[in-house]
Amino acid sequence: TLGKWSTDKNNKEHLIRSSILDIHANIEQILYYIIFKHFSMILFNDDNEKENDRKKQNLAKDIKKINFMTYYRLLKTCLNEFPRPELRNIVHINDLRNSVAHKSNLNEIAYKGRNPFKDDDSFAELYFDYWAIDKGLKDFIGTMIEDPIALNKIYYEEYKKSQNK
């Protein structure tokens, strides 16, 4: 399939294909980050920063072994319940990426019922959906991951102070 993609597609088709794969890879990286940060919160750490870094590196390696759909299945309910309905389009982008990766006939590829290789509006919708997903995922990270981490650090510092009295 790769040989066919690299030889019988025009520049526009290569650009669209590359864009789809890049969009998917970017979403995958954000999902990885969410999973990593979540599991980092339950990783036991102490005052030994070098040892804590080693633990985080091991956790990162383990999480990197997971594929996109596993990330998505783990997070699907959380993302769907977050008040950003555009996050429900992640599955459509994954379906599109799989079609692009595994089908050589461009006529068999669709995003929400339209072909981004043949319909410029479909390709534009894909980009708009990606922009909205990216923003929604960043809001999710801020609200559900980073804010609680910051609060936990404050609570822990206060707890340590109360123990030293």
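Structure shown above.
Residues numbered from 1 in each chain as written. Predicted model: local features only at pLDDT ≥ 70, side-chain atom pairs only at ≥ 80, totals over all residues. Heavy atoms only, no water.

Participant: Would you explain the nonpolar core in this entry?
Facilitator: A general tendency of soluble globular proteins is for nonpolar side chains to be buried together. Ile27, Leu31, Ile34, Leu79, Ile90 and Leu137 are the most contacted members of the largest nonpolar core, which totals 37 residues. Listed by contribution, the elements that provide at least two residues to this core are helix H2 (11–41), helix H3 (49–64), helix H4 (68–81), helix H5 (90–102) and helix H6 (120–163). Looking at this core element by element, the count peaks at 10 residues for H2. Excluding residues that lie within four positions of it along the chain, Ile90 makes contacts with Ile27, Phe68, Tyr72, Leu79, Ile133 and Leu137. (Core = buried A, V, L, I, M, F, W, Y, C linked by side-chain atoms within 4.5 Å. Buried < 20%, exposed > 50% of the residue type's maximum accessible area, 1.4 Å probe, protein only. Helix = DSSP H or I, 4+ residues; strand = E, 2+ residues; numbered from the N terminus. Contact = heavy atoms within 4.5 Å.)

Participant: I tried to follow H6 on my own but got confused; where do I start?
Facilitator: Structural remark: α-helix, 3.6 residues per turn; residues separated by three or four positions point the same way. The end-to-end C-alpha distance of H6 is 63 Å, a good match for the 64 Å that 44 residues give at a rise of 1.5 Å each. Of all the bends in H6, the greatest measures close to 35° and is centred on Gly142. In this structure Asp119 caps H6, since a side-chain oxygen of it lies 2.9 Å from the backbone nitrogen of Asp121. (Expected span 1.5 Å × (residues − 1). Bend = angle between axes of the 7 residues up to and from the residue. Polar contact = N/O pair within 3.5 Å; in protein donor to acceptor, adjacent residues only side chain to side chain.)

Participant: What am I meant to see in the packing of H5 against H6 here?
Facilitator: A pair of packed helices can be characterised by two numbers: the angle between their axes and the separation between those axes. With their axes 10 Å apart at the nearest point, H5 and H6 run at an angle of 130° to one another. The orientation of H5 relative to H6 falls into the category oblique. The interaxial crossing formed by H5 with H6 has left-handed handedness. Along its contact with H5, which presents Ile90, Ile93 and Leu96, the element H6 presents Leu126, Tyr130, Ile133 and Leu137. (Axes fitted to C-alpha atoms, helices over the stretch in contact; angles between N-to-C directions. Parallel < 35°, antiparallel > 145°, perpendicular 65-115°, else oblique. Left-handed = near helix turned anticlockwise from the far one by under 90°.)

Participant: What is the right way to read the environment of Asn107 from this model?
Facilitator: Turning to its location among the elements, Asn107 is positioned in the loop between H5 and H6. On a C-alpha basis, the gap between Asn107 and Asn45 in space is 52 Å, while along the polypeptide they are 62 residues apart. Those residues in contact with Asn107 that lie beyond four places of it in its chain are Asn115 and Lys118.

Participant: For this particular structure, what's the right way to read a negative patch on the surface?
Facilitator: On the surface, a cluster of negative charge is contributed by Asp46, Asp47, Glu49 and Asp53. Secondary-structure assignment places Asp46 in the loop between H2 and H3. For Asp46, a relative accessible area of 39% puts it in the partly exposed group. (Patch = residues over 30% accessible without salt bridge, like charges linked within 9 Å, V, L, I, M, F, W, Y side chains within 5 Å. Areas by Shrake-Rupley, 256 points an atom, 1.4 Å probe, with all protein chains shown as cover. Salt bridge = Lys/Arg side-chain N within 4 Å of Asp/Glu carboxyl O. Lys, Arg positive; Asp, Glu negative; His and termini not counted. Charge placed at Lys NZ, Arg CZ, Asp CG, Glu CD.)

Participant: Explain the packing of aromatic side chains to me, please; I cannot follow it from the model alone.
Facilitator: A ring pair, where both rings are aromatic, is described by two values, the distance of the centres and the angle of the planes. Considering all chains together, one arrives at 5 aromatic pairs under this definition. Ring geometry for Phe82 and Phe140: centres 5.2 Å apart, planes at 80°, overall edge-to-face. Linking Phe82 in the loop between H4 and H5 with Phe140 in helix H6, this pair joins segments that are 58 residues apart in sequence. The exposure classification of Phe82 matches that of Phe140, with both residues buried. Consider the rings of Phe128 and Trp131, whose centres lie 5.8 Å apart with planes at 35°: the pair is tilted. (Phe/Tyr/Trp six-rings, centres within 6.5 Å; stacked < 30°, edge-to-face > 60°.)

Participant: Would you mind showing me how to read a nonpolar patch on the surface here?
Facilitator: There is a patch of nonpolar side chains on the surface, built from Phe39, Met41 and Ile42 and spanning about 290 Å² of accessible area. Along the chain, Phe39 turns up in helix H2. Residue class for Phe39 comes out partly exposed when judged on its relative accessible area of 37%.

Participant: Even after reading the chapter, I still don't get unusual backbone geometry, so can you show me in this structure?
Facilitator: For residues that are not glycine, phi is negative in most cases, and the peptide bond is trans in most cases. Even without glycine at this site, Lys112 takes up a positive phi of about 55°. Positionally, Lys112 belongs in the loop between H5 and H6. We classify Lys112 as partly exposed; its relative accessible area is 36%.

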